[in-house]
Amino acid sequence: MFPLVRRVTAVCALSTALAACGTAQTPGAVRPAPAKPAAAPHRPPTLAPGPGGLTPVFEHGPRTRGKTVALTFDADMTADEGPRAAAGEHFDNPALIGTLRRLNVPATVFMTGRWAEQYPTQARSLAHDPQFEVANHSYSHYAFTGDCYGLPTVSGDRMKTDVERAYTALRTAGVPNALPYFRFPGGCYDQRALRALSGLAVTAVQWDVVSGDAFATDADAVARQVLDGVKPGSVVVMHCTRSAAPVTEAAVRTIVPELRKRGFRFVKVSELIGETGGHR
């Protein structure tokens, strides 16, 4: 609250109130400085919509503005995998997150609503850690096109609802600040999918480096594929699910020091979008 500066009233003229009024009117008294207005909430940069309001797609940052690279991790979990989680299958990867923290690597996690519901404590931890940012990866992890790596598909009339449901699930899990970025499950999209999401004011985030960590068993091979593909401004897609990407954490322990040795700086996707000319 702002401090109240009381007016000097006529009562101060009375001899019985001279002492009190003298305190308020002492020459040279320092008044409290007015409080500064609260800073406007930070708005992450987004790309401008395409023709007809079509959802914009981001794949990588500038190639000529320094050696930056964004590591991104998909926290996948389809809407019907709850029984598998209950039976002991791990769709999370605490060791990976711990390694990123230990190595001080900022990262962007694209989280499904279903994952956030299954692991709300981890979702909240990521959301409140300034080293990470959390974005939308759909609620169901159903594909937005046909023939997408065998994923079930979501109908065109439910695509927008699925994305909105994911934001609701993230907020309920304790992620109030999920970014206006959306990653299509499997990276599969077409013009119909982009039109379906028009009006949500999201930027679709893809990548230019595929790590190959999904279902991989050779961490060195994953690391080599990333190291061979990274360029300035690259976005690397990896996964944050032990059951589907069991060697990712080990690969990261190789990738991070090697890229730093090559002069790369790790950033979040939001920084790359801002460098590309994203609007706030």
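It should be noted that the structure appears before, not after, this text.
Quick notes on the rules
Residues numbered from 1 in each chain as written. Predicted model: local features only at pLDDT ≥ 70, side-chain atom pairs only at ≥ 80, totals over all residues. Heavy atoms only, no water. Helix = DSSP H or I, 4+ residues; strand = E, 2+ residues; numbered from the N terminus. Buried < 20%, exposed > 50% of the residue type's maximum accessible area, 1.4 Å probe, protein only. Contact = heavy atoms within 4.5 Å. Areas by Shrake-Rupley, 256 points an atom, 1.4 Å probe, with all protein chains shown as cover. Pairing = 2+ DSSP bridges. Core = buried A, V, L, I, M, F, W, Y, C linked by side-chain atoms within 4.5 Å. Salt bridge = Lys/Arg side-chain N within 4 Å of Asp/Glu carboxyl O. 1 Å grid on protein atoms, 1.4 Å probe; cavity = no way out; pocket = protein on both sides within 12 Å on 5 of 7 lines; lining within 4 Å. Points joined across faces, edges and corners; volume = space filled by probe spheres on them. Nonpolar A, V, L, I, M, F, W, Y, C, P; charged D, E, K, R; others polar. Polar contact = N/O pair within 3.5 Å; in protein donor to acceptor, adjacent residues only side chain to side chain. Expected span 1.5 Å × (residues − 1). Arc of directions from axis to C-beta.

Here's the deal with the overall build of the protein
Logical step 1: Summing up its helical and strand segments, the protein has 10 helices and nine strands in all.
Logical step 2: Within the protein, the proportion of its 280 residues that are buried is 48%.
Logical step 3: In the protein, the proportion of contacts linking residues at least 24 apart, taken out of those at least 6 apart, comes to 81%.
Logical step 4: When the accessible surface of the protein is split by element, carbon and sulfur atoms take 55% of a total near 14,200 Å².

As for the pairing of strand S2 (residues 68-75)
Logical step 1: Taking burial as the measure, the eight residues of S2 include eight buried ones, the bulk of the element.
Logical step 2: Pairing analysis gives two bridges linking S2 to strand S9 (residues 265-266), with the strands arranged parallel. Each bridged residue has a counterpart across the sheet, and for threonine 68 the counterpart in S9 is arginine 265.
Logical step 3: Taken together, the four bridges between S2 and strand S3 (residues 107-111) define a ladder with parallel strand orientation. Residue pairing across strands places alanine 75 opposite methionine 111, the latter belonging to S3.

Here we look at the nonpolar core
Logical step 1: Counting 60 residues, the largest nonpolar core has Phe73, Leu100, Met111 and Phe144 as the members making the most contacts within it.
Logical step 2: Once residues lying within four places of it in the same chain are set aside, the contact partners of leucine 100 are Phe73, Val105, Ala107, Gln131, Phe132 and Val252.
Logical step 3: Formed by 15 residues, the second largest nonpolar core is a distinct cluster that contains Trp207, Val237, Val269 and Ile273.

What about the pattern of salt bridges?
Where charged atoms from two side chains of opposite charge approach closely, those side chains can pair.
Logical step 1: In this structure the tally under the stated criterion is 10 salt bridges.
Logical step 2: With a shortest N-O distance of 2.8 Å, arginine 101 and aspartate 129 are connected by a salt bridge. Taken together, the residues arginine 101 in helix H3 (residues 94-102) and aspartate 129 in the loop between helix H5 (120-127) and strand S4 (132-136) connect sequence positions 28 residues apart.
Logical step 3: The class of aspartate 129 is buried, set by a relative accessible area of 15%.
Logical step 4: The partner of glutamate 258 in a salt bridge is arginine 262, with the nearest N and O atoms 3.0 Å apart.
Logical step 5: By relative accessible area, which is 23% here, glutamate 258 ends up partly exposed.
Logical step 6: Given a relative accessible area of 36%, arginine 262 falls into the partly exposed group.
Logical step 7: Three or more residues joined by partner-sharing salt bridges are found here, namely Glu81, Arg84 and Glu89.

Section: the layout of surface pockets
Logical step 1: Reported here for the largest pocket is a volume of approximately 610 Å³.
Logical step 2: Lining the largest pocket we find 30 residues, and of these Asp76, His141, Ala214, Phe215 and His239 sit closest to its centre.
Logical step 3: When the residues that make up the lining of the largest pocket are grouped by side-chain class, the tally is 13 nonpolar, 10 polar and seven charged.

Re the side chain of arginine 183
Logical step 1: Note on placement: arginine 183 falls in the loop between strand S5 (181-182) and helix H7 (191-196).
Logical step 2: With relative accessibility at 0%, the residue arginine 183 sits in the buried group.
Logical step 3: Separated by 2.8 Å, the side chains of arginine 183 and threonine 72 make a polar contact.
Logical step 4: Polar contacts involving the side chain of arginine 183 include one to the main-chain carbonyl oxygen of valine 205, which spans 3.2 Å.
Logical step 5: If near-sequence neighbours (up to four positions away) are discounted, arginine 183 is found in contact with Thr72, Asp74, Phe110, Asn136, His137, Val205, Gln206, Trp207, Val235 and Val237.

Some remarks on helix H6 (residues 159-173)
Logical step 1: The terminal C-alpha atoms of H6, which comprises 15 residues, lie 21 Å apart, in line with the 21 Å expected from a rise of 1.5 Å per residue.
Logical step 2: Those residues of H6 not exposed but buried are Met159, Asp162, Val163, Ala166, Tyr167, Ala169, Leu170 and Ala173. The buried residues of H6 occupy an angular sector of 165° when projected down its axis, which confines them to one face.
Logical step 3: Its buried side turned inward, H6 meets S3, helix H4 (113-118), H5, S4, S5 and H7.
Logical step 4: Where H6 terminates, the next one or two residues include glycine 174, which has phi positive at roughly 105°.

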